[in-house]
Structure formats: C-alpha cells, structure tokens
Amino acid sequence: MQLHISPSLRHVTVLPGKGVREYIKVKVGSRKVSCRMLIYSLLFFTFLLRFVFVLTAVDTIDGESKCSTLGCLGKKLGPRLLGSRLEPKVPDVMYQILDKPMSKDELQGRLDNIPQTLEDFMAEIKEIKPDAKTFALKLRKMVSLMEQRTRTAKIQEYLYRHVASSSIPKQLHCLALRLANEHSTNAAARLQLPSAELVPALVDNSYCHFVLATDNVLAASVVAKSLVHNALRPQKVVLHIITDRKTYFPMQAWFSLHSLSPAIIEVKALHHFDWFTKGKVPVLEAMEKDQKVRSQFRGGSSAIVANETEKPNIIASKLQALSPKYNSVMNHIRIHLPELFPSLKKVVFLDDDIVIQTDLSPLWDIDMNGKVNGAVETCRGEDKFVMSKRLKNYLNFSHPLIAETFDPNECAWAYGMNIFDLEAWRKTNISLTYHHWLEQNLKSDLSLWQLGTLPPGLIAFHGHVHIIDPFWHMLGLGYQENTSFADAETAGVIHFNGRAKPWLEIAFPQLRPLWTKYISFSDKFIKSCHIRAS
C-alpha cells in the first residue's frame, strides 16, 4: 500500500499495493499544515490511546470499590474512549477470606454484628461501602451463621420425626384395645382363621402364598384388602399373617369381623409356631444382644443429636437405627421363613407399609434361575434420590471386614416385596450367614452398618438375588415427597418406607390417599377411634 500527499496538503491519496487505481480522498482543510505538525498529531493520538489503556489496566488491578485517582479516571474514561466495557473480576483477597472456614467460637458473642437477612446485609454494605476484604469478611460471617442455623433446624426436624415415628399413635392404640375387648365379649370375633375346611390350603403349593409379619392391625388391614381387592383370582390367595402375642387377639378379631372371602386369611402369633417354641431362636438372641449394645454405646437420641461434627444425614441415619421397627422381631423374622413354613415351596413376603395396586399372581411365573430372593434393585431409576443405593450406602467400607469382602459399588436391592424360593433357600446357608454377620456387627460395636435388617440381608443373600422389574416395587414414599401421585398410581406395589408412614400425621398428604382408599372410615371401630382420612 502507498501513501501520496499533495504539495498543498489538500488531498491524501491511498493506493493499493497491487496496482489497482482505487483511492480515498480526505479533505484536510483550507489552511496550510506542515508535515511536522501532521507527524506530531499522529504521535499525540498514539500516546493518548496507550494512556487510556494504562488507566483501564490500573483500575482492574486496583480491584476495590474505593479506587485510586488513576484507577477512577481509567474506570470513567477508558470504556468510553475505547467504546467497550471490561468485566470486573473478583479480587483474590475475597477468595482467600471465603475459603477459610469459620469456627463456632468466632460466631459466639458477635450475633448482633452479623446481618440476619440478605436485606440487612445489602443495606449495611450500601451504607459503609467497604473494600473487598471487609465485604468478604461480613459475607462469610452471615453465611456461616445461616449454615449453623440450617444444620440445627435439620437436626431438630430429624429428631421430631424420630419421636413421631417411634411412638404409637393414640388412634392405633385405641383400635387395638377396642378389638381386644371385642375378642373377649363377642364370639364372632373369635372365629378360627381360616375355617377348618380351608386349613389344607395353608400347605397347598397350588395357591399363591403371601406372608405378612406385623403388630399393626390397621396396616395389616390395608395390605390384606389391597392384595385381595386387586387379585384376579382371590380364591387362590392365601395370606399368612404373623404377629406377636399382645397383638394376636386384636388381629384375630379384626379379620374375623372383616372377612376377605374368597381369599384365605391365617392369623398366627409367633408362639403358635412349633419351630419357634423349640430350643433357642437365633434371631431373638441376636436382638437381645443388639439392644444391650445399643443402650451401652449409643447413648440414645440425645447423644446422637448432641454430636456437633457429624453431618445431618448421618445423624438422621443413626436416629433411624434406634427406631423400634428396626429392632422388632416382626422385622427380623423373615430370615426364618423356611423354618416357619416347612411345607411351602415359594412365598411372597410383604412389609406392612406397602399398598398393592395390581394382581401379584404373575410373580409365581417368574423364572428365578435357581436364585432365592426375587427383588427390585435400587441403584438404577429415574428417581436419583431413591434409586441410587449401592452397598456403600448401607455398609461401612472403612471397616476392613467389610472392605475386604464386598464391592462398595455393587447395586443394592429392596426389602418390602420379595419373592422367596424356599426350596432353593433350604439348600443354602443364608440364615447362618445372616446370624454370623449380626454377631460380627455386635463384636464391632455396631460399626459394620447402621440400619436394622437390610444391611445383614444384603450380606446374607449376596449372590442369591434375582432382579425383577421395578414395576413390582416403588420405593421412597415414606421419606421423600417428590414422587407424584400419578407416578405412584402406575406401580404394582408402592412402599412407604421411611419415617413418614401413612398412618402417622407426618405422612405426605398428597401420597396418603393411596393408602387410605383401602380403609372404610364408616366402620364402627375406625370411627370410634377417630381415625380419619387426613
């Protein structure tokens, strides 16, 4: 490219280097301008451009709200002259302050100086216009205080839920008392279950046999009614209800007065089983030892909540481990199903906090491939909160006994609705393995796992589980409310596992109707005990 200036300095011609005769004429002015003046002007504008760049750079390096003279000038003039704005950067001093954790001692005695809300914080900042370091210090204090209060609130919530879920609601207590009284005064409440002509069906493997172990009459009524109501062939359904000594009479009275014919209902207490009354029962011995160790080392819920270092979710798990449900013989007795039902080949075990919404007879057509336990795995599914459970979620892999035996990333499976091939089970040592690991956990001060029956079940049935379709068992309705009513309706069996049981006031109100639809609120026992739908 070539530059030609006319002698009169009235025209400037720019010629392309490749010979194309295109030029740009720039009219300079009528007065004479020397070449020296033109050169000086070009140098001045070059210097001015560099000066503006330096001003802007100084403003960026300064990094504080109160800028220096050069910084402020660069901040005001630089973007305007350059025609653009530079994005402000967070000063390193803020990262250093915020990255440093704040101890509880630093917060004590200074609560009056810490903004309680974001609105208070912004009002104070606008008033004092602090530098970056002071801003970061005040922000760290406020966030630390909010984190501390949030943690306390979460732990209190877990404690209240633990108390609510561990106690017996007065309505359920009332129901048991009224039914026990009915059993003693009404012959119709003392019927043999089942009747004599139907007793042979209890050991007939052509029937679909279900087992329910519970001491909750209301919960048992919902499981039984939902099972029979949704069965395509209820005359082929046999439900074996196992309960304890104190609940036997109320349970018998309920099912004597509320017939589910043509289905066959058997109600038995544990002391009615020959196997249970002969010799020592390993599960009872393990439970007795477990109770002693828990009372000695756990310190109860107060000691758990008082721990200031553990995360709220760990505290919640320990509180749940103290729940009577997890140390109930009704919960542990499933490990002895082969001994309790020696004549049966296959049963489906049901928890008392489930609702059946479809015909379950197809479960008998599933080929178990020689496995003992048909269960839904819990590490895959759309609900990432519920269906993300692996062995590491239940077992303590920091303990060498667990770490050297199992894979932490192996998928877990669910208790609550399980197909048990009792013939295959009797060929294994699953029950012995279960009790062996209960002993190991007791010797390890309950450090191998926190919750009750599922962790030792995961170990005992390891290698003996056949995975079934998740349609048969939807989990989590008792500890998270993200499951929609519409999604829950599509599952074959829904499980209110967790503290928010459907018979408690802490149940999630949008999910509870799935359970209450199987309760007749016009029933005289239900009405007299003030059991309501909501």
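That block above? That's the structure.
Owing to the predicted nature of the structure, the values given are computational and were not obtained by experimental measurement.

The element strand 9 (residues 417-421) is extensively covered by neighbouring structure, given that five of its five residues are classed as buried. Here strand 9 shows two buried faces, one formed by M417, I419 and D421 and the other by N418 and F420. One ladder, built from two bridges, connects strand 8 (residues 373-375) with strand 9; its direction is antiparallel. The residue of strand 9 that forms the bridge with G374 is I419.

Between its first and last C-alpha atoms helix 7 (residues 170-185) spans 23 Å; for 16 residues at 1.5 Å apiece the expected length is 22 Å, and the two agree. Among the residues making up helix 7, those that are buried are L172, C174, L175, L179, E182 and H183. Next to the buried residues of helix 7 lie helix 8 (217-229), helix 9 (245-257) and helix 22 (524-528).

The next point concerns empty space enclosed by the protein. Taken as a whole and assessed by the stated rule, the structure comprises three cavities of 30 Å³ or more. Looking at the lining of the second largest cavity residue by residue, the class counts come to eight nonpolar, three polar and three charged.

The next thing to look at is the environment of N441. Within the secondary structure, N441 is located in helix 18 (residues 430-443). For the pair N441 and L401, spaced 40 residues apart in sequence, the C-alpha separation works out to 10.0 Å. A polar contact of 3.4 Å, which involves the side chain of N441, links it to the backbone nitrogen of S447.

The strands that make up a sheet pair up through hydrogen bonds in the backbone, lying either parallel or antiparallel. Pairing within the open sheet is mixed, and its seven strands lie in the order 5-4-3-6-9-8-10. Bordering the open sheet on either side are strand 5 (264-269) and strand 10 (465-467), each of which pairs with just one other strand. Across the sheet, the mean angle separating the axes of adjacent strands is 25° when strand polarity is ignored. The pairing of strand 8 with strand 10 spans three bridges and is classified as parallel. Of the residues in strand 10, the one forming a bridge with N373 is V465. Contacts from helix 9 reach strand 4 (237-243) and strand 5 within the one sheet, and its direction differs from that of strand 5 by about 160°.

Here we come to the environment of K141. In this fold, K141 is placed in helix 6 (residues 132-166). The class of K141 is partly exposed, set by a relative accessible area of 26%.

So, on to the nonpolar core. Counting residues in each nonpolar core, the largest one holds 69 residues, and the members touching the most others are L175, F210 and F255. The greatest single-element share of this core, amounting to nine residues, is contributed by helix 8. Apart from residues no more than four positions distant in its own chain, L175 is found in contact with V217, L218, W254, F525, C529 and I531. L340, Y434, L458 and F461 belong to the second largest nonpolar core, which has 43 residues in total.

The rules behind these values
Residues numbered from 1 in each chain as written. Predicted model: local features only at pLDDT ≥ 70, side-chain atom pairs only at ≥ 80, totals over all residues. Heavy atoms only, no water. Buried < 20%, exposed > 50% of the residue type's maximum accessible area, 1.4 Å probe, protein only. Helix = DSSP H or I, 4+ residues; strand = E, 2+ residues; numbered from the N terminus. Pairing = 2+ DSSP bridges. Expected span 1.5 Å × (residues − 1). Contact = heavy atoms within 4.5 Å. 1 Å grid on protein atoms, 1.4 Å probe; cavity = no way out; pocket = protein on both sides within 12 Å on 5 of 7 lines; lining within 4 Å. Points joined across faces, edges and corners; volume = space filled by probe spheres on them. Nonpolar A, V, L, I, M, F, W, Y, C, P; charged D, E, K, R; others polar. Polar contact = N/O pair within 3.5 Å; in protein donor to acceptor, adjacent residues only side chain to side chain. Axes fitted to C-alpha atoms, helices over the stretch in contact; angles between N-to-C directions. Core = buried A, V, L, I, M, F, W, Y, C linked by side-chain atoms within 4.5 Å.

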